[in-house]
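Fold and geometry: a report
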Amino acid sequence: MVTGLVLFAILGLTMGYTVPGPGAWLALLAPVVFAIFTALQSGLDAGQLLLVLLALAITAVAVLVGKLLDGQFSRGREQSS
């Protein structure tokens with residue numbers, strides 16, 4: 001469980017940092033796709049729904065952090081050249 005949330009955080013951070021524009025928000029599709037496959041196999045209960053919402057929140061925050069880091073580093077690159 002924790003491993004998956006860490007992987008979604010890493011995904012969101014890297015997408016936010018590397019993908020320009022609103023395309024970085026496509027990282028939010030990963031938890032949704034995994035939730036759909038899990039729900040089709042074993043059904044969706046309240047615990048799994050809570051985990052999906054938590055994964056979406058963690059991924060969204062990580063994308064925002066990645067965007068902030070990209071802005072900081074690009075500003076630093078502009079000042080040094």
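A separate point is the overall build of the protein chain. Counting its secondary structure elements, the protein chain contains three helices and zero strands. The order of α-helices and β-strands along the protein chain, N terminus first, is α-α-α. Taking 2.2 N^0.38 as the reference for a compact globule, 81 residues should give roughly 12 Å; the C-alpha atoms of the protein chain span a radius of gyration of 15 Å, well beyond that estimate. Seen along its three principal axes, the alpha-carbon backbone of the protein chain occupies a region of about 55 × 20 × 15 Å. Counting only residues that meet the buried cut, the protein chain has 20% of its 81 residues in that class. Relative to all contacts within the protein chain whose residues are 6 or more apart in sequence, the contacts with residues 24 or more apart total 76%.

Here the focus is the packing of aromatic side chains. Counted by the stated rule, this structure contains two aromatic pairs. With centroids separated by 6.1 Å and ring planes inclined at 90°, the aromatic side chains of Tyr17 and Phe73 adopt a geometry described as edge-to-face. You can see Tyr17 sitting in helix H1 (residues 2-18) and its partner Phe73 sitting in helix H3 (residues 46-80), a full 56 residues away along the chain. Look at Tyr17 and you get partly exposed, because its relative accessible area is 31%.

Now for H1. The end-to-end C-alpha distance of H1, which contains 17 residues, comes to 24 Å, matching closely the 24 Å that a straight helix rising 1.5 Å per residue would cover. Inspection of H1 places Leu5, Phe8, Gly12, Met15 and Gly16 among the buried residues, and these make up the whole buried set. For H1, the angular spread of buried residues about the axis comes to 95°, placing them on one side. What points out from H1, more than 90 degrees from its buried face, is the exposed set Val2, Thr3, Leu7 and Thr18.

So, about the environment of Val19. Position of Val19 relative to the elements: it lies in the loop between H1 and helix H2 (29-42). As a C-alpha pair, Val19 and Thr59 span 40 residues in sequence and 14 Å in three-dimensional space.

Before going further, it helps to spend a moment on a nonpolar patch on the surface. Together, Met1, Val2, Val6, Leu7, Ile10, Leu51 and Leu54 make up a nonpolar patch on the protein surface, roughly 670 Å² of accessible area in all. Every element with two or more residues in the nonpolar patch is listed here: H1 and H3. Ranked by residues supplied to the nonpolar patch, first place goes to H1 with four residues. Taking the relative accessible area as the measure of exposure, Val2 reaches 55% and is therefore exposed.

Conventions used here
Residues numbered from 1 in each chain as written. Predicted model: local features only at pLDDT ≥ 70, side-chain atom pairs only at ≥ 80, totals over all residues. Heavy atoms only, no water. Helix = DSSP H or I, 4+ residues; strand = E, 2+ residues; numbered from the N terminus. Rg over C-alpha atoms; globule rule 2.2 N^0.38 Å. Buried < 20%, exposed > 50% of the residue type's maximum accessible area, 1.4 Å probe, protein only. Contact = heavy atoms within 4.5 Å. Phe/Tyr/Trp six-rings, centres within 6.5 Å; stacked < 30°, edge-to-face > 60°. Expected span 1.5 Å × (residues − 1). Arc of directions from axis to C-beta. Patch = residues over 30% accessible without salt bridge, like charges linked within 9 Å, V, L, I, M, F, W, Y side chains within 5 Å. Areas by Shrake-Rupley, 256 points an atom, 1.4 Å probe, with all protein chains shown as cover. Salt bridge = Lys/Arg side-chain N within 4 Å of Asp/Glu carboxyl O.

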